[in-house]
Amino acid sequence: MSFTRRQIFVGLAGLAMVGAGGAGAARYWLGRSQAGKGHDYQLIAAPLDVELVSDRTTPAWAFGGSVPGMELRARQGDWLRVRFINHLPVPTTLHWHGIRLPLEMDGVPYVSQLPVLPGEYFDYRFRVPDAGSFWYHPHVASAEQLGRGLVGPLIVEEREPTGFAHERTLSLKTWHVDEQGGFLPFSVAREAARVGTAGRLSTVNGVPQAVIEAPAGQVVRVRLLNVDNTVTYRLNLRGADDSRIYALDGNPIQPRPLGKEYWLGPGMRMCLAVRMPAAGEEVALRDGSVRLGTLRAVAGEGMAGDWPPGLPANPVAEPNLGNAEKLTFNVEWVGSTSVGGDNGQPPSLWQINGKAWDINDKTCADRPIARLARGKSYIFELKNMTQYQHPIHLHGMTFKVIASSRHTLEPYFTDTYLLGKHERARVALVADNPGVWMFHCHVVDHMETGLMAAIEVV
Ligand SMILES: [Cu+2]
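Residues numbered from 1 in each chain as written. Predicted model: local features only at pLDDT ≥ 70, side-chain atom pairs only at ≥ 80, totals over all residues. Heavy atoms only, no water.

So, on to the overall build of the chain. Of regular secondary structure, the chain possesses four helices and 30 strands. When the 458 residues of the chain are sorted by exposure, 57% land in the buried category. In the chain, the share of contacts with a sequence separation of at least 24, taken over all contacts with a separation of at least 6, comes to 73%. Surface accessibility of the chain: about 18,400 Å² in total, with carbon and sulfur atoms responsible for 51%. (Helix = DSSP H or I, 4+ residues; strand = E, 2+ residues; numbered from the N terminus. Buried < 20%, exposed > 50% of the residue type's maximum accessible area, 1.4 Å probe, protein only. Contact = heavy atoms within 4.5 Å. Areas by Shrake-Rupley, 256 points an atom, 1.4 Å probe, with all protein chains shown as cover.)

See below:
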């Protein structure tokens, strides 16, 4: 893949014109649907001191002046145009998790674009074909950049009203900070070789034990986004027992009860319908038995709402299972923390089909582990040869989960599948987006120590 330096020079020259506004400035014009010039959002990444621990300062990095970043919204089928300005001291990019878009907008360094250097900007412009809850984050030095707070929600609204009159976005992140608010290491080799390096401070929308108000008696659409580097949240609600799942990872499902709990791995999202209790009562959002935050019912308007109908399906191509070609991907543990790890290099701990991704080698994407023919259907057999779970994410395309060795399941579309310990799962897709697409574990330090590959669609 080759790049011209043009974007960079244009970026430097253009910076003066967009300087107004400062951190947190956002412009969003409803109703504009042309690619055209200009932008809907100006999104600045910059250092920001935040108070995660009382009376202590954490030197975070933020999108749009907040952690998690400013919520971006667009309407299904429309263009989203974001002028991204890098005021960080390091190069970075934006990746749009779950959005089916052209490769040059995908934010992968040296594959989609060159990194956006400090002081430069990059215009991201693409259509959003699917409605749902998505998110954005860098794809450069991910353990540190996501760890410091560079994560944000992207909500794509359905074209027509859905029947939900109320909604809340809840971004879940467990920060790598100590009691003084200082950052702890984002990746430690002995942890990266196991479940991944976890943080210590759970937050909802950047607040420990956050309280989110919602109208009493009403059905509220609660968008839960796992924007954490490492943690799989075992989500359950206490105080709203008839809650229903309406969508998973940006794609509608036939609404079904939340049940005992749902395991939401890094990168994954869930859209829940929650009927709020009477005013003054609370619903606890929990990870297993640990409370993450609270939905508090406040005196609201109107009569108790009804459960809305299921959400309309996204226009994702249905794979033809009858003539699909089968490919096997083995997720393997290399298991030696002594490979690399010294002189600041990340160790090589994980691999797919015998190949480990070297996060410092800019040419890895030149050697895809699979080549798919455009328009053809494929079944990926995902085999987890390890005793750790991996949320397996594919860029550029949405796949359908069709079978698992661990549970019976109703097939559904997703961009990230939480592959359990020693699980075998089958997912299917139509290879309908040309390009070189990252295929990786979303436990960030697994990804940075080998668990990534490129899949090419030609
Ligand atoms: Cu993993």
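Having seen the structure, we can now continue with the description.
Moving on, we come to the coordination of the copper ion. Looking at the copper ion, one finds its protein donor set to be His390 (ND1), Cys441 (SG) and His446 (ND1), positioned 2.0 to 2.1 Å from the metal centre. Here the donor residues of the copper ion share one chain and are spaced in sequence as H-x50-C-x4-H. Of this pair, histidine 390 sits in strand S24 (residues 390-394) while histidine 446 sits in helix H4 (residues 444-447), and the two are 56 residues apart along the sequence. Judged by its relative accessible area of 0%, histidine 390 falls in the buried class. (Donors = N, O, S within 2.8 Å, 3.2 Å for Na, K, Ca; no water.)

Among the structural elements, alanine 324 can be located in the loop between strand S19 (290-298) and strand S20 (325-333). Taking the C-alpha atoms as reference, alanine 324 lies 9.6 Å from phenylalanine 380; in sequence the two are 56 residues apart. In this view, alanine 324 contacts Ser377, Tyr378 and Ile379; residues no more than four positions away in its chain are not counted.

What follows concerns the pattern of salt bridges. As enumerated under the stated definition, the model contains 24 salt bridges in all. Note that arginine 148 is salt-bridged to glutamate 144, the shortest N-O span being 2.8 Å. Judged by relative accessible area, which is 30%, glutamate 144 ranks as partly exposed. Put simply, arginine 269 and aspartate 415 hold a salt bridge, and the shortest N to O gap is 2.8 Å. (Salt bridge = Lys/Arg side-chain N within 4 Å of Asp/Glu carboxyl O.)

This brings us to the packing of aromatic side chains. Under the criterion given, the structure shown has 14 aromatic pairs. Relative to tyrosine 246, the ring of phenylalanine 164 has its centre 5.1 Å away and its plane inclined at 75 degrees; by these criteria the two rings are edge-to-face. Of this pair, phenylalanine 164 sits in the loop between strand S8 (152-157) and strand S9 (166-175) while tyrosine 246 sits in strand S14 (residues 244-248); the two residues are 82 residues apart in sequence, bridging distant segments of the chain. Exposure remark for tyrosine 246: the relative accessible area of 1% places this residue in the buried category. An aromatic cluster is built from Phe63, Phe84, Trp96, Phe122, Tyr124, Phe126 and Tyr136, whose rings are joined through pairwise contacts. We note arginine 148 situated over the ring of tryptophan 61; from NZ or CZ to the ring centre the distance is 4.4 Å. In this structure, arginine 244 is placed above the aromatic ring of tryptophan 307, and the distance from its NZ or CZ to the ring centre is 3.9 Å. (Phe/Tyr/Trp six-rings, centres within 6.5 Å; stacked < 30°, edge-to-face > 60°. Lys NZ or Arg CZ within 6 Å of the ring centre and 35° of its normal.)

Core analysis: the biggest nonpolar cluster contains 77 residues, and Met270, Leu372 and Phe380 have the highest contact counts within it. Every residue in contact with phenylalanine 380, bar those within four places of it in the chain, is listed here: Leu327, Phe329, Leu372, Ala425, Arg426, Val427, Leu429, Phe439 and Ile455. Within the second largest apolar cluster, 27 residues are counted, among which are Ala45, Met70, Trp96 and Val128. (Core = buried A, V, L, I, M, F, W, Y, C linked by side-chain atoms within 4.5 Å.)

This part takes up the pairing of strand S25 (residues 399-404). With three bridges connecting them, S25 and strand S26 (residues 412-414) associate as antiparallel partners. If you follow valine 401 over to S26, its bridge partner there is tyrosine 412. Here four bridges tie S25 to strand S28 (residues 424-430), and the two strands are oriented antiparallel to one another. Each residue of the ladder has a partner; that of serine 404, found in S28, is alanine 425. (Pairing = 2+ DSSP bridges.)

What follows deals with the sheet that holds strand S23 (residues 377-384). Spatial strand order, S21-S20-S23-S28-S25-S26: six strands in an open sheet with mixed pairing. Each having just a single partner strand, strand S21 (350-352) and S26 make up the two edges of the open sheet. Averaged over all adjacent pairs, the angle separating strand axes in this sheet is 30 degrees, with direction ignored. (Axes fitted to C-alpha atoms, helices over the stretch in contact; angles between N-to-C directions.)

The next point concerns the confidence of the model for the chain. Averaged over all residues, the pLDDT of the chain equals 90, while 89% of them reach at least 70. Here residues 4-33 is a poorly scored stretch, pLDDT under 50, and it has 42 contacts once near neighbours within four places are set aside; other chains count. (pLDDT = per-residue confidence, 0-100.)

Bringing the side chain of threonine 232 into the picture now. For threonine 232, the position within the fold is in the loop between strand S12 (219-226) and strand S13 (233-238). In this view, threonine 232 contacts Asn226, Trp263, Leu264, Gly265, Pro266, Asp287, Gln389 and Leu418; residues no more than four positions away in its chain are not counted.

A word on the sheet that holds strand S2 (residues 58-63). Two orientations exist for strands paired in a sheet by backbone hydrogen bonds: parallel and antiparallel. Spatially, S2-S1-S4-S6 is the arrangement adopted by the four strands of the open sheet, whose pairing is mixed. Edge positions in the open sheet fall to S2 and strand S6 (121-127), since each of these has one partner strand only. Direction aside, neighbouring strands of the sheet carry axes that sit 20 degrees apart on average. Alignment of strand S4 (residues 79-86) against S6, held across seven bridges, turns out to be antiparallel. Each residue of the ladder has a partner; that of leucine 80, found in S6, is phenylalanine 126.

Time to look at the environment of tryptophan 333. Within the element layout of this structure, tryptophan 333 appears in strand S20. Among the residues examined, tryptophan 333 registers a relative accessible area of 43% and is labelled partly exposed. Linking tryptophan 333 and leucine 451, residues 118 residues apart in sequence, is a C-alpha distance of 9.0 Å. For tryptophan 333, the side chain forms a polar contact with the main-chain oxygen of alanine 193, separated by 2.9 Å. (Polar contact = N/O pair within 3.5 Å; in protein donor to acceptor, adjacent residues only side chain to side chain.)

This part is about the pairing of strand S27 (residues 416-419). The alternating pattern of S27 places Thr416 and Leu418 on one face and Tyr417 and Leu419 on the opposite face, and all of these are buried. Pairing geometry for S24 and S27, over four bridges, is antiparallel. Among the inter-strand pairings, histidine 390 is bridged to a residue of S27, identified as leucine 419.

With that settled, consider the side chain of arginine 286. Inspection of the secondary structure puts arginine 286 in strand S18 (residues 282-287). The charged side chain of arginine 286 is buried without a salt bridge, its nearest counter-charge being glutamate 261 at 7.3 Å. With residues near it in sequence (within four places) discarded, arginine 286 still touches Arg234, Leu235, Asn236, Arg238, Arg291 and Leu292. (Lys, Arg positive; Asp, Glu negative; His and termini not counted.)

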